[in-house]
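# Notes for the structure review
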There are 2 protein chains.
Amino acid sequence: MGRCPAAGAGAKMSAAAVPELKRISRVEAMRLGPGWSHSCHAMLYAANPGQLFGRIPMRFSVLMQMRFDGLLGFPGGFVDRRFWSLEDGLNRVLGLGLGCLRLTEADYLSSHLTEGPHRVVAHLYARQLTLEQLHAVEISAVHSRDHGLEVGPPPGPRAPPPAPGFGSGPAEGTDGYWDLSVSLCTPRRTESGFPNFLSNAFISTAKYQLLFALKVLNMMPEEKLAEALAAATEKQKKALEKLLPSSS
Amino acid sequence: MGRCPAAGAGAKMSAAAVPELKRISRVEAMRLGPGWSHSCHAMLYAANPGQLFGRIPMRFSVLMQMRFDGLLGFPGGFVDRRFWSLEDGLNRVLGLGLGCLRLTEADYLSSHLTEGPHRVVAHLYARQLTLEQLHAVEISAVHSRDHGLEVGPPPGPRAPPPAPGFGSGPAEGTDGYWDLSVSLCTPRRTESGFPNFLSNAFISTAKYQLLFALKVLNMMPEEKLAEALAAATEKQKKALEKLLPSSS
């Protein structure tokens, strides 16, 4: 398994080598002290019956966002627990960008302690939609972004600013959200498609959360995830060797 | 300038170290033989007066797409010159995904010979829109994607399939297009924002075209582009070192 990527400090390796952050229960997360920040993000997805080029199954579409800071992540953000429950806070942030969709405790999937200098616990919610609903969410995201530019942030208590180097961006406005739905297809060989997608620049927590959710929701077998991740790492290595010929 | 990334074979280094593919004139490109494939892509952009967190200027928004193969690129695709002029072919591909927008020869920006085993000349068109127009294009892209899933590809002659490992994907349908507009802001330091965005996985031609266009359209000074590219390479290196601890 030498080719499989290892996770950073604090991460655990499962048998099939999909790295994972330290997972804690919701109850444990709720007991963390006031020094901890809570982030809540939503994975909205849909089974996709489409076929690329009429022959490659698309399997699932997952809504992710190109964030204000140039990294890929899930819609969501920090929730100030002095003012909001996790779900109310998440819905408030999503409401800025994703229209009338409302998540509940039934959509709760996991809590993970994140890496880095800041004490952040990352909660993930997941809801399966129809493909039409997923597209409607995307469209309302673009509409509300457009609207947001004209009217500015909505009234009400502000969420705290994201900690440096982490977080899902502006709860202060919607300008920072760019939505894309990503299909989990792998055209041609294991070397392209999903592995290419994984070789993009993610906010690291979101990448771990994506892999975790795809695994526990049985959207992709763990071996396939590990293979895709190893192929993505190989791609990143090759791309970098091209950029830095002196290090090869 | 040792930290600045070098381009691959066939690329030239300019004084400020923004790598560039071999540029040829439109006339030269039109004289290339039938063994050459022609790709046409559009950079649609808008000045963005918004401010991230109310203080960081967004400068410009540029429409790019997360493609069917997990890589970022511009909207567009291959044009079969037996059937179409460059512009008609481009508009046909854009029409599948971007609504009623039509580009003309006046929007032509450049032709570059691409790297790789296939003989491909990449034509780039650029048009500045208002931010509202850019958002309207994004919205129609999501709508037509939704529509495309139900009705399949439109009638008429098919564009040739993309060459392996290159191209901007399906002219055969719209399922493969995911649009995102990216703002050229650099929050906090030179280490984040645009450099983060550049550290994503691009179809390589698109990355060169983006840098070229930002330079010649005076959207970003060449020194800033070179700085951002160097910072992006540094980010990719650090991310890879984390994934491959054995190589550090």
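Sequence positions are assigned chain by chain, starting from 1 and proceeding in written order. Naming scheme: in the order in which they are written, chains are lettered from A and ligands are numbered from 1. Note on the predicted model: pLDDT of at least 70 is required for a residue's local features to be given, and 80 or more for side-chain atom pairs to be given and counted; whole-chain, interface and lining totals, by contrast, use all residues. To get the side-chain values, take all heavy atoms of the structure and skip hydrogens and water.

It is worth spelling out the overall build of chain A at this point. A tally of helices and strands in chain A yields 6 helices and 10 strands. In chain A, which comprises 248 residues, the proportion classed as buried is 60%. A run of H or I in DSSP becomes a helix once it reaches four residues, and a run of E becomes a strand once it reaches two; helices and strands are each numbered from the N terminus. Burial classification: accessible surface area is computed with a 1.4 Å probe over protein chains only, and a residue below 20% of its type maximum counts as buried, one above 50% as exposed, and the rest as partly exposed.

A word on the pattern of salt bridges. All names here are of chain A. By definition here, a salt bridge exists when the distance from a side-chain nitrogen of Lys or Arg to a carboxyl oxygen of Asp or Glu is within 4 Å. Under the criterion given, the structure shown has 12 salt bridges over all chains. Two residues, Glu-87 and Arg-26, come together in a salt bridge whose shortest N-O distance is 2.8 Å. In this pair, Glu-87 sits in helix α2 (residues 86–97) while Arg-26 sits in helix α1 (residues 26–30), placing the two residues 61 residues apart along the sequence. The buried category is assigned to Glu-87, whose relative accessible area is 10%. On the basis of relative accessible area, Arg-26 is assigned to the buried category, the value being 18%.

Its 22 residues give helix α6 (residues 222–243) of chain B an end-to-end C-alpha distance of 32 Å, which sits within 8% of 32 Å, the value for a rise of 1.5 Å per residue. Buried residues of α6 of chain B: Glu-222, Leu-225, Ala-226, Ala-228, Leu-229, Ala-230, Ala-231, Ala-232, Thr-233, Gln-236, Leu-240 and Leu-243 of chain B, and no others. On its buried side, α6 of chain B packs onto α6 (222–243) of chain A together with β2 (19–20), α4 (194–198) and α5 (204–216) of chain B. Helix span, as expected, comes to 1.5 Å for every residue beyond the first. In what follows, residue pairs with any heavy atoms lying within 4.5 Å of each other are defined as contacts.

We now examine the packing of α6 of chain A against α6 of chain B. Whenever a helix is involved, its axis is fitted only over the stretch in contact; in every case the axis is a line through C-alpha atoms, and angles between N-to-C directions fall within 0 to 180 degrees. Two elements in contact, α6 of chain A and α6 of chain B, have axes separated by 10 Å at closest approach and are oriented at 140°. With respect to α6 of chain B, the element α6 of chain A is oriented oblique. Seen along the crossing, α6 of chain A lies across α6 of chain B with a hand that is left-handed. Contacts between α6 of chain A and α6 of chain B involve Thr-233, Gln-236, Lys-237, Leu-240 and Leu-243 of chain A from the first element and Thr-233, Gln-236, Lys-237, Leu-240 and Leu-243 of chain B from the second. Tallied by class, residues from the contact of α6 of chain A with α6 of chain B come to 4 nonpolar, 4 polar and 2 charged. Our angle categories are set so that under 35 degrees counts as roughly parallel, over 145 as roughly antiparallel, 65 to 115 as roughly perpendicular, and the remainder as oblique. Definitions for this section: a left-handed crossing has its near helix turned counterclockwise from the far helix by less than a right angle. A right-handed crossing has that turn clockwise. Classification convention: Asp, Glu, Lys, Arg as charged; Ala, Val, Leu, Ile, Met, Phe, Trp, Tyr, Cys, Pro as nonpolar; all other residues, Gly among them, as polar.

To continue, consider the side chain of Asp-107 of chain B. Residues and elements named next belong to chain B. Considering the arrangement of structural elements, one finds Asp-107 in the loop between α2 (86–97) and β8 (108–113). As used in this structure description, the phrase polar contact means that two N or O atoms lie within 3.5 Å; if the pair is within protein, one of them must be able to donate a hydrogen and the other to accept it, and residues adjacent in sequence are counted only when both atoms belong to side chains. A distance of 2.8 Å separates the side chain of Asp-107 from the side chain of Arg-127, its partner in a polar contact. Sequence-distant contacts of Asp-107, defined by excluding residues within four places in its chain, comprise Leu-124, Tyr-125, Ala-126 and Arg-127.

For our purposes a nonpolar core is just a set of buried Ala, Val, Leu, Ile, Met, Phe, Trp, Tyr and Cys residues, chained together by side-chain atoms within 4.5 Å. Core analysis: the biggest nonpolar cluster contains 64 residues, and Met-43 and Leu-210 of chain A together with Met-43 and Leu-210 of chain B have the highest contact counts within it. Contact partners of Leu-210 of chain B, with chain neighbours within four places excluded, come to Met-43, Val-62, Met-64, Phe-74, Phe-197, Leu-198 and Phe-202 of chain B.

This part covers unusual backbone geometry. Unusually for a residue other than glycine, Asn-218 of chain A sits at a positive phi of about 55°. Examined against the element boundaries, Asn-218 of chain A turns out to sit in the loop between α5 (204–216) and α6.

Looking now at the pairing of strand β8 (residues 108–113) of chain A. Each regular strand displays side chains that alternate between the two surfaces of the sheet. All names here are of chain A. Taking burial as the measure, the 6 residues of β8 include 5 buried ones, the bulk of the element. Pairing between strands requires that DSSP locate at least two bridges from one strand to the other. Both strand β3 (residues 22–24) and β8 contribute to a ladder of 3 bridges, which runs antiparallel. Directly across from Ile-24, in β8, lies its bridge partner Ser-111. Two elements, β8 and strand β9 (residues 120–129), share 5 bridges in a ladder whose sense is antiparallel. Paired with Tyr-108 across the strands is Tyr-125, a residue of β9. Linking two consecutive strands that pair antiparallel, namely β8 and β9, is a turn of 6 residues; a positive phi of about 105° is found at Gly-116 within it.

Let us now look at the environment of Trp-84 of chain B. Here Trp-84 of chain B shows up in the loop between β7 (76–79) and α2. Measuring from C-alpha to C-alpha, the distance between Trp-84 of chain B and Met-220 of chain B comes to 34 Å, with 136 residues separating the pair along the chain.

This paragraph deals with the confidence of the model for chain A. All names here are of chain A. pLDDT is defined as a per-residue confidence score from the predictor, taking values between 0 and 100. Chain-level statistics for chain A give a pLDDT mean of 74 and a share of 67% at 70 or above. Taking the mean pLDDT of every element in chain A, the minimum, 44, falls on strand β1 (residues 12–13) and the maximum, 97, on β8. Low confidence marks residues 1–15, where pLDDT is under 50. Its contacts with residues over four positions away, or in another chain, come to 31 contacts. Interface confidence for the predicted complex, expressed as ipTM, amounts to 0.73; the pTM equals 0.76.

Put simply, two rings from Phe, Tyr or Trp (the six-membered ring, in Trp's case) pair if the centres are within 6.5 Å, and we call them stacked under 30 degrees between planes, edge-to-face over 60, tilted for the rest. In the structure shown here, the tally under the stated rule is 6 aromatic pairs over all chains. Judged by centre distance (6.1 Å) and plane angle (65°), the rings of Tyr-45 of chain A and Phe-60 of chain A are edge-to-face. Taken together, the positions of Tyr-45 of chain A in strand β4 (residues 37–52) and Phe-60 of chain A in strand β5 (residues 56–66) put the pair 15 residues apart, joining distant regions of the chain. Take Tyr-45 of chain A: its relative accessible area is 8%, and that puts it in the buried class. Between the aromatic rings of Tyr-108 of chain B and Tyr-125 of chain B, the centroid separation amounts to 5.8 Å while the plane-to-plane angle is 75°, which identifies the pairing as edge-to-face. In this pair, Tyr-108 of chain B sits in strand β8 while Tyr-125 of chain B sits in strand β9 (residues 120–129), placing the two residues 17 residues apart along the sequence. Judged by relative accessible area, which is 0%, Tyr-125 of chain B ranks as buried.

The next subject is the packing of α5 of chain B against α6 of chain B. All names here are of chain B. Between α5 and α6, the least distance of the axes is 9 Å, while the angle of their chain directions is 150°. Taken together, α5 and α6 sit at an angle that is classed as roughly antiparallel. Handedness of the α5/α6 crossing: right-handed. In this structure, α5 contributes Lys-207, Leu-211, Leu-214 and Lys-215 to the contact, and α6 contributes Glu-222, Leu-225 and Leu-229. Of the residues assigned to the contact of α5 with α6, the class counts are 4 nonpolar, no polar and 3 charged.

Moving on: the environment of Leu-217 of chain B. All names here are of chain B. Counting through the fold element by element, Leu-217 comes out in the loop between α5 and α6. Leu-217 sits 184 residues away from Gly-33 along the chain, and the two C-alpha atoms are 30 Å apart. Look past the residues within four positions of Leu-217 in its chain and what remains in contact with it is Met-43, Tyr-45, Leu-109 and Ala-126.

The next point concerns the environment of Val-93 of chain A. Within the fold, Val-93 of chain A resides in helix α2. For the pair formed by Val-93 of chain A and Val-79 of chain A, sequence separation is 14 residues and the distance between their alpha carbons is 8.4 Å.

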